[in-house]
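As a plain string of letters, each chain reads:
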Amino acid sequence: MNFNRELANIVVYEAGKPIELLVREFGIDPNHIIKLASNENPYGCSPKASAAIEENIKKVSLYPDDSMFELKAGLAQKYALKSENIIIGSGSDQIIEFCLHAKCNQKSSVLMAKTTFAMYEIYAKQVGAKIIKTPSHSHNISEFIQLYKLHLPEVVFLCVPNNPLGECLDKNQVYEFISQTSPDTLVVIDGAYQEFAQAKDKNKAINPAEILEKFKNVIYLGTFSKAYGLGGMRVGYGLASDEIIKILHKIRPPFNIGILSLEAAISALKDEEFVKNSVHATLKEMQKYEDFAKKNAIDFIPSWTNFITFILNDNFSSTQLCDWLLQKGVIIRNLKSYGMNAVRITIGKPDQNHRVFELIEEFLDHRRSQH
Ligand SMILES: *Cc1c(COP(=O)(O)O)cnc(C)c1O
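Residues numbered from 1 in each chain as written. Predicted model: local features only at pLDDT ≥ 70, side-chain atom pairs only at ≥ 80, totals over all residues. Heavy atoms only, no water.

1. Considerations on the pattern of salt bridges
Move 1: Evaluated as defined, the whole model comprises 15 salt bridges.
Move 2: K35 serves as the salt-bridge partner of E40, at 2.9 Å between the closest nitrogen and oxygen.
Move 3: The class of E40 is partly exposed, set by a relative accessible area of 32%.
Move 4: K171 is the partner of E210 in a salt bridge, and the nearest nitrogen-oxygen pair spans 2.8 Å. With E210 in helix α9 (residues 208–214) and K171 in helix α7 (residues 171–178), this residue pair connects regions lying 39 residues apart in the sequence.
Move 5: Three or more residues joined by partner-sharing salt bridges are found here, namely E121, K125 and K133. (Salt bridge = Lys/Arg side-chain N within 4 Å of Asp/Glu carboxyl O. Buried < 20%, exposed > 50% of the residue type's maximum accessible area, 1.4 Å probe, protein only. Helix = DSSP H or I, 4+ residues; strand = E, 2+ residues; numbered from the N terminus.)

So, in structure tokens, the structure goes:
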């Protein structure tokens, strides 16, 4: 059968391995499995969010409020914006998809960092756009400016901070770049990990209201999947000018998030304390990962997120390390598919992190004894 030819160039997105896989393949007790592969919140979600899910369970026969009035009102208040500046997606992933459908066709190009969120490229290829990547793995603003001027892409992705590497542009660098773009270029600022970056360093904090005031060609993306701990509910949002949001609504399917997801997100917004505490705990544990890496002479990329990327030397491969941990019930992310001998580890709870350190040390000892 013939399919859309654009799909031939797409490699299926490899999601973090689920706990169920280890239960099936290695017979490991699910309670002993540590999943640090998808940057989820190890502390779960706000009790207010889980209570909202339980309270609304009887409503699942009804479609949700498609205007998402209350969630938009909550976000409007949080960000000092109007509901007309907000669109809700099934994860911020879906907003990325809307943006590319809204701006691109087969003559378009899309600019991004060489090593960044894989879905930018996948959705861009679905609409037939040409992908332009910076030579550097991580975000380098002068490379972005140079390639922007050369190709005049329809869409540019800035992942601030960047997944899977963890580095983060300063707010000033983001502004410097946007100020050089044409009003017809859509600049997507993906703030999936902004809660962590802001807590660590004020220079990295992006204020969506300020950015929308200054620039009309920007959309800011946020998600409930990371710091808010609602990855399983699939809720994200885009913040932009009324004009951009109106267009994106032409692409949004009706009822694109479920009623329980909607209620969970509304309640999660009322518990900023939960977010603050888990971000704080994560930053504290991050320090242990840095100390561990230094002690064991492992290179790492300083991170403004809830994960850390270890760059491995030539003595062993990321696949060997990931497989070793997998057999012991710990799931981390192999970055081999990005062309790097590196792994990405989500910062877990203290006992989980302790176990990771133990196992990696065992692995390193084991390797040394073989040489
Ligand atoms: C996790 C993530 C998202 C979106 O996640 P959703 O669960 O779809 O909201 C977007 N961008 C980056 C960089 C991410 O890491």
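That shown, we press on.
2. Some thoughts on helix α5 (residues 118–126)
One turn of an α-helix holds 3.6 residues; hence residues three or four places apart share an orientation.
Move 1: Of all 9 residues in α5, 7 are buried; the element is thus mostly enclosed.
Move 2: Of all the residues in α5, the buried ones are M119, Y120, E121, I122, Y123, A124 and K125.
Move 3: For α5, the secondary structure elements touched by its buried residues are α4 (92–103), β3 (109–112), β4 (130–133), β5 (155–159) and β6 (186–190).
Move 4: Of the residues one or two after α5, G128 is the one with positive phi, at around 85°. (Contact = heavy atoms within 4.5 Å.)

3. Quick notes on helix α12 (residues 272–295)
Move 1: Helix length check: α12, at 24 residues, gives a terminal C-alpha distance of 35 Å against a target of 34 Å (1.5 Å per residue), a fit within 8%.
Move 2: Considered for burial, the residues of α12 that qualify are F274, V275, S278, V279, T282, E285, M286, Y289, E290, F292 and A293.
Move 3: Looking at the buried residues of α12, the elements they touch are α8 (194–200), β9 (299–301), β10 (307–311), β13 (342–346) and α14 (350–370).
Move 4: At the C-terminal side of α12, A297 shows a positive phi close to 55°. (Expected span 1.5 Å × (residues − 1).)

4. Let's talk about the domain arrangement of the chain
Move 1: When cut into domains, the chain gives domain 1 (5–44 + 273–370) and domain 2 (47–271).
Move 2: Here the C-alpha centroids of domain 1 and domain 2 sit 25 Å apart.
Move 3: Each partner contributes to the interface: domain 1 provides 31 residues, whereas domain 2 provides 33 residues.
Move 4: Summed over both partners, the interface of domain 1 with domain 2 comes to about 2700 Å²; 67% of that surface belongs to carbon and sulfur atoms.
Move 5: Summed over the three residues of domain 1 that lose the most area to domain 2, namely E6, W304 and Y338, the buried surface amounts to 26% of that side.
Move 6: Here domain 1 and domain 2 share 0 salt bridges between them.
Move 7: At the boundary of domain 1 with domain 2, the tally comes to 11 residue pairs in polar contact (both at pLDDT 80 or more).
Move 8: For the side of domain 1 that touches domain 2, the secondary-structure elements that each account for two or more residues are α12 and β10.
Move 9: Take the side of domain 1 that touches domain 2: its biggest share by element is 8 residues, from α12. (Domains from an automatic or database assignment. Buried area = accessible area lost by both parts, 1.4 Å probe. Polar contact = N/O pair within 3.5 Å; in protein donor to acceptor, adjacent residues only side chain to side chain.)

5. Focus: the packing of aromatic side chains
Move 1: Using the criterion set out here, one finds 17 aromatic pairs in the structure.
Move 2: Between the aromatic rings of Y63 and F255, the centroid separation amounts to 4.1 Å while the plane-to-plane angle is 10°, which identifies the pairing as stacked. Pair noted here: Y63 is in the loop between α2 (47–55) and α3 (69–79) and F255 is in the loop between α10 (242–251) and α11 (259–268), with a separation of 192 residues, a long-range link.
Move 3: Assessed through its relative accessible area of 34%, F255 is described here as partly exposed.
Move 4: With a centroid separation of 5.8 Å and an interplanar angle of 85°, the aromatic rings of Y148 and F177 are classed as edge-to-face. On the criterion of sequence distance, the pair formed by Y148 in helix α6 (residues 141–151) and F177 in helix α7 is long-range, its members being 29 residues apart.
Move 5: Assessed through its relative accessible area of 1%, F177 is described here as buried.
Move 6: Aromatic ring contacts, followed pair by pair, group Y79, Y220, F224, Y228 and Y237 into a single cluster.
Move 7: Between K328 and the ring centre of W324, over which it is positioned, the NZ or CZ distance is 4.6 Å.
Move 8: Here the basic side chain of R344 rests over the ring of F307, its NZ or CZ set 5.5 Å away from the ring centre. (Phe/Tyr/Trp six-rings, centres within 6.5 Å; stacked < 30°, edge-to-face > 60°. Lys NZ or Arg CZ within 6 Å of the ring centre and 35° of its normal.)

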